[in-house]
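Structural features, examined
Here is what each chain is made of, one letter per residue.
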Amino acid sequence: ERNIPTDHQSYLHQHYRQLQIHPAVSDKNQPNPSLSIVNTLTTTLGPLNRIRISSLAPCASLPLHIDDPLQNRAIALLAGNQTFTINTKNNHFDLDMQQGEIWFVNTAWPHTVHNPGTQPRLALLLDLQDLPTNPTNKRKPCDANNKPQR
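Residues numbered from 1 in each chain as written. Predicted model: local features only at pLDDT ≥ 70, side-chain atom pairs only at ≥ 80, totals over all residues. Heavy atoms only, no water.

1. Describing the overall build of the protein
Regarding its fold elements, the protein presents 2 helices and 9 strands. Overall, the protein shows an N-to-C arrangement of helices and strands of α-β-α-β-β-β-β-β-β-β-β. Counting the 150 residues in the protein, one finds 31% classified as buried. When contacts within the protein are restricted to residue pairs at least 6 apart in sequence, long-range pairs at least 24 apart make up 74% of them. Of the roughly 10200 Å² that the protein leaves accessible, carbon and sulfur atoms contribute 54%. (Helix = DSSP H or I, 4+ residues; strand = E, 2+ residues; numbered from the N terminus. Buried < 20%, exposed > 50% of the residue type's maximum accessible area, 1.4 Å probe, protein only. Contact = heavy atoms within 4.5 Å. Areas by Shrake-Rupley, 256 points an atom, 1.4 Å probe, with all protein chains shown as cover.)

Below, the structure written as structure tokens:
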């Protein structure tokens, strides 16, 4: 069990940071460098409600919490690793997430996040409007020679 201080606000202020990328919070007259990232992610995953990059200090943890149950969350580890622990009524499940992986998780379950590493953990947090469909379902069927039909 991880010892997380009871004064969550000061602990989080010291160990956790977020940068919101979408929807952009900027002057509409200024160019938005993150727009191409948002367009690429939207084309790949579908409409997004919010995109953030978060940093978690080495050996730091986010306290037990529940996120909006109406969100579909994807987490992409950009640097470092993390243990994402989901708590159920009778058990808990540890998901060890590594750099380069993308996870779709139900953050409406009580959960904690821990960075067991010696380097900061950077994660891309995506709130999807819907879960993406399986791209293999969009392929055209193959003919007898395993070539796409036209």
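2. Focus: the nonpolar core
Counting 13 residues, the largest nonpolar core has Leu56, Ile75, Phe84 and Met97 as the members making the most contacts within it. Among the elements of the structure, strand 4 (72-79), strand 5 (82-87) and strand 9 (121-128) are those that each provide at least two residues to this core. Within the second largest apolar cluster, 11 residues are counted, among which are Ile21, Val38, Leu124 and Leu128. (Core = buried A, V, L, I, M, F, W, Y, C linked by side-chain atoms within 4.5 Å.)

3. Things to note about the sheet that holds strand 2 (residues 48-56)
In spatial order, the strands read 1-2-9-4-7; together these 5 strands make up an open sheet with antiparallel pairing. A strand with exactly one partner marks an edge of an open sheet, and here the two such strands are strand 1 (16-22) and strand 7 (102-105). When strand polarity is set aside, the average angle formed by the axes of neighbouring strands in this sheet is 25°. Here strand 2 pairs with strand 9 via 8 bridges, running antiparallel. (Pairing = 2+ DSSP bridges. Axes fitted to C-alpha atoms, helices over the stretch in contact; angles between N-to-C directions.)

4. Some remarks on the side chain of threonine 85
Here threonine 85 shows up in strand 5. A distance of 2.6 Å separates a polar atom in the side chain of threonine 85 from a polar atom in the side chain of aspartate 94. (Polar contact = N/O pair within 3.5 Å; in protein donor to acceptor, adjacent residues only side chain to side chain.)

5. Observations regarding the sheet that holds strand 6 (residues 92-97)
Here we have 4 strands laid out as an open sheet, ordered 3-8-5-6, and antiparallel in their pairing. Two strands in the sheet have a free side with no partner beyond their single neighbour: strand 3 (61-65) and strand 6. Taken over all neighbouring pairs, the strand axes of this sheet differ in orientation by 10° on average, direction set aside. Summarising the sheet, strand 5 and strand 8 (residues 111-114) pair through 4 bridges and their orientation is antiparallel. By the bridge assignment for strand 8, isoleucine 86 is matched with histidine 111.

6. Concerning a nonpolar patch on the surface
Judged by side-chain polarity, Ile102, Phe104 and Leu131 come together as a nonpolar surface patch covering roughly 320 Å² of accessible area. Taking the relative accessible area as the measure of exposure, isoleucine 102 reaches 56% and is therefore exposed. (Patch = residues over 30% accessible without salt bridge, like charges linked within 9 Å, V, L, I, M, F, W, Y side chains within 5 Å. Salt bridge = Lys/Arg side-chain N within 4 Å of Asp/Glu carboxyl O.)

7. Structural notes on the pattern of salt bridges
A full pass over the atoms with the stated rule returns 4 salt bridges. Here the salt bridges do not stand alone but share partners, grouping Arg50, Arg52, Asp67, Arg73 and Asp127 into one network.

8. Things to note about the pairing of strand 6
The side chains of a regular strand alternate between both faces of the sheet. Bridge count for strand 5 against strand 6 is 6 bridges, and the pairing is antiparallel. The partner of threonine 85 across the bridge, within strand 6, is aspartate 94.

9. Some remarks on the environment of asparagine 81
Assignment of secondary structure puts asparagine 81 in the loop between strand 4 and strand 5. Under the relative-accessibility criterion, asparagine 81 is labelled partly exposed at 22%. The sequence separation of asparagine 81 and leucine 56 amounts to 25 residues, and the corresponding C-alpha distance is 9.9 Å. Setting aside anything within four residues of it in sequence, one finds asparagine 81 in contact with Met97, Gln98, His114, Asn115, Pro116, Gly117 and Arg121.

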